[in-house]
Amino acid sequence: MRTVAIPRFGEPEVLALMHQPDPVPGPREVAIDVAYAGVNYAEILFRQGIAPDLPLPFVPGIEAAGTVRAVGEQVAGFRIGQPVAALTIAQGGGYAEIATVPAHLVFPLDAGRTVNPDLVSAAAAPSNVTTAYLIMSEVARIRPGETVLVHAAAGGVGSAIGQMARKFGAGRVIGTVGSADKIEYARQFGYDDIVLRDRFAEQVRELTGGSGVDIVVDPVGGTTRRASLPLLKPFGRLVAMGNASGADDVAQSTNELWLSSRAVLGFNLQQLTAHDPDRVSQAAREALRLVADGEIKVDVTDMLRLEEAPEAHRRLQAGITKGKLVLAVRP
Ligand SMILES: NC(=O)c1ccc[n+]([C@@H]2O[C@H](COP(=O)([O-])OP(=O)(O)OC[C@H]3O[C@@H](n4cnc5c(N)ncnc54)[C@H](OP(=O)(O)O)[C@@H]3O)[C@@H](O)[C@H]2O)c1
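Residues numbered from 1 in each chain as written. Predicted model: local features only at pLDDT ≥ 70, side-chain atom pairs only at ≥ 80, totals over all residues. Heavy atoms only, no water.

**Remarks on the overall build of the chain**
Part 1: For the chain, the count of helices and strands is 11 helices and 15 strands.
Part 2: Over its C-alpha atoms the chain spans a radius of gyration of 20 Å, differing by no more than 12% from the 20 Å that the globule rule assigns to 331 residues.
Part 3: When its C-alpha atoms are laid out on the principal axes, the chain stretches across 60 × 45 × 35 Å.
Part 4: Counting across all 331 residues of the chain, residues that qualify as buried make up 54%.
Part 5: Within the chain, residue pairs in contact and separated by at least 24 positions form 71% of the contacts whose partners lie at least 6 positions apart. (Helix = DSSP H or I, 4+ residues; strand = E, 2+ residues; numbered from the N terminus. Rg over C-alpha atoms; globule rule 2.2 N^0.38 Å. Buried < 20%, exposed > 50% of the residue type's maximum accessible area, 1.4 Å probe, protein only. Contact = heavy atoms within 4.5 Å.)

Take a look at the structure:
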């Protein structure tokens, strides 16, 4: 099979098209003929060497969609050729013609519906929509009427979080974007207001009449995170969930949290998948149901071929993309 792999850590150019033996599923795995693979910031981090002990060459790719090719001997409930989405987050492997995935992270797309989600949206949904679902339901534990601030609102995960906040009953959802060309685009994802990030704190104060917000979801980090904390109301929660800015970590005094009745929380889908796979499986099922029912929209704005993965990484890393990028593997 053809894969795109990371033979050594580095810039997008290191990603290399490779031929590897066709994998067979282990006893509890499903092998999938991958039609499309979602592209995520996480794959850039792996390529850059965030996990230095990763055995190389490593095939990145934390989500994919396609059809069932084969099932392991202990797996029930799938049939060959069935359309499925998968979270390939446990061991990577989405950037490949065949992915082998633990069965509990493979999700049928034809479960009793008249219209099934298309494979392109299905490849772009598992990571971000599950993340958005878990952040709202389990991490920030949003209550109806609360005000939510989401950074990088036009991005892959930001576009899912705005809609999920709305779905969970947010009273007001404010998003930030890094450039003016993303303002109109981001509005479609459940946001009441979209502001430019370079002076977001001032604008959020104005928009909320000085009262601030209940929840901040921050995939950007650095100065954005630092400027967000003072915007939290008492009982406010900031969810740290990424560092797309590449900035140094932001230290937070726990005494300050005590004195201001605020909380800082973290979320990482890959770590949670390793430690509580059933919880992730359940959340992903619910997330994909929301996509299938049209309650959460996944907007794929850019599709490249598998061998164009370096260009996909360049675009995502440059911060210029909107919505989701997908690789056409065997469409
Ligand atoms: N914790 C988890 O489980 C989890 C799950 C999904 C994603 N994430 C994290 O969430 C972040 C977004 O992931 P994504 O795949 O959805 O990507 P994305 O949001 O589609 O793209 C990244 C966005 O980050 C913003 N950004 C800010 N500073 C940047 C910089 N210096 N360079 C590049 N981009 C910059 C840009 O939006 P603006 O133009 O608005 O600045 C850019 O479009 C990543 O940090 C990722 O690791 C974490």
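Having seen the model, we can carry on.
**Quick notes on helix H4 (residues 156–167)**
Note: α-helices contain 3.6 residues per turn, so residues at a spacing of three or four share the same orientation.
Part 1: In this model H4 runs 17 Å from its N-terminal to its C-terminal C-alpha over 12 residues, within 8% of the 16 Å that 1.5 Å per residue would give.
Part 2: In terms of residue burial, H4 counts as a mostly covered element, since 10 of its 12 residues are buried.
Part 3: Considering only its buried residues, H4 is in contact with helix H3 (126–139), strand S8 (147–150), strand S9 (172–177), strand S11 (213–218), helix H10 (277–292) and strand S15 (324–328).
Part 4: Positive backbone phi, approximately 95°, marks glycine 169, located one or two places after H4. (Expected span 1.5 Å × (residues − 1).)

**Observations regarding the packing of helix H1 (residues 41–48) against helix H11 (residues 309–317)**
Part 1: Viewed as axis vectors pointing N to C, H1 and H11 meet at an angle of 105°, and their least axial separation amounts to 10 Å. In terms of orientation, H1 lies roughly perpendicular with respect to H11. Residues Tyr41, Glu43, Ile44, Arg47 and Gln48 of H1 lie in contact with H11, whose contacting residues are His313, Leu316 and Gln317.
Part 2: Split by residue class, the contact of H1 with H11 holds three nonpolar, three polar and two charged. (Axes fitted to C-alpha atoms, helices over the stretch in contact; angles between N-to-C directions. Parallel < 35°, antiparallel > 145°, perpendicular 65-115°, else oblique. Nonpolar A, V, L, I, M, F, W, Y, C, P; charged D, E, K, R; others polar.)

**Some thoughts on the nonpolar core**
Part 1: Ranked by size, the top nonpolar core spans 97 residues in total, and within it Tyr95, Val129, Met136, Val148 and Leu327 carry the most contacts.
Part 2: Examining the composition of this core, we find that eight residues originate from one element, strand S3 (residues 29–39), more than from any other.
Part 3: When residues no more than four places from it in sequence are discounted, the contact partners of methionine 136 are Arg141, Ile142, Val148, Ile161, Met164, Ala165, Phe168 and Val217. (Core = buried A, V, L, I, M, F, W, Y, C linked by side-chain atoms within 4.5 Å.)

**Some words on the packing of H3 against H10**
Part 1: Where H3 meets H10, the axes come as close as 8 Å, and the angle between the chain directions of the two elements is 110°. It follows from the interaxial angle that H3 and H10 lie roughly perpendicular. The residues of H10 that touch H3, namely those facing Pro126, Val129, Thr130, Tyr133, Leu134 and Glu138, are Arg279, Val280, Ala283, Ala284, Glu286, Ala287, Leu288, Leu290 and Val291.
Part 2: Along the lines of polarity and charge, the residues of the contact of H3 with H10 split into 11 nonpolar, one polar and three charged.

**With respect to the site of the ligand**
Part 1: Close to the ligand lie 26 residues, the nearest being Val157, Lys182, Arg197, Phe267 and Leu269.
Part 2: Arginine 197 places a side-chain nitrogen or oxygen 2.2 Å from an oxygen atom of the ligand.
Part 3: A distance of 2.7 Å separates an oxygen atom of the ligand from a polar atom in the backbone of leucine 269.
Part 4: Burial of the ligand by the protein amounts to 87% of the accessible area it has alone, namely 900 Å².
Part 5: For the shell around the ligand, the elements supplying multiple residues, two or more each, are H3, H4 and H11. (Near = heavy atom within 4 Å. Polar contact = N/O pair within 3.5 Å; in protein donor to acceptor, adjacent residues only side chain to side chain. Areas by Shrake-Rupley, 256 points an atom, 1.4 Å probe, with all protein chains shown as cover.)

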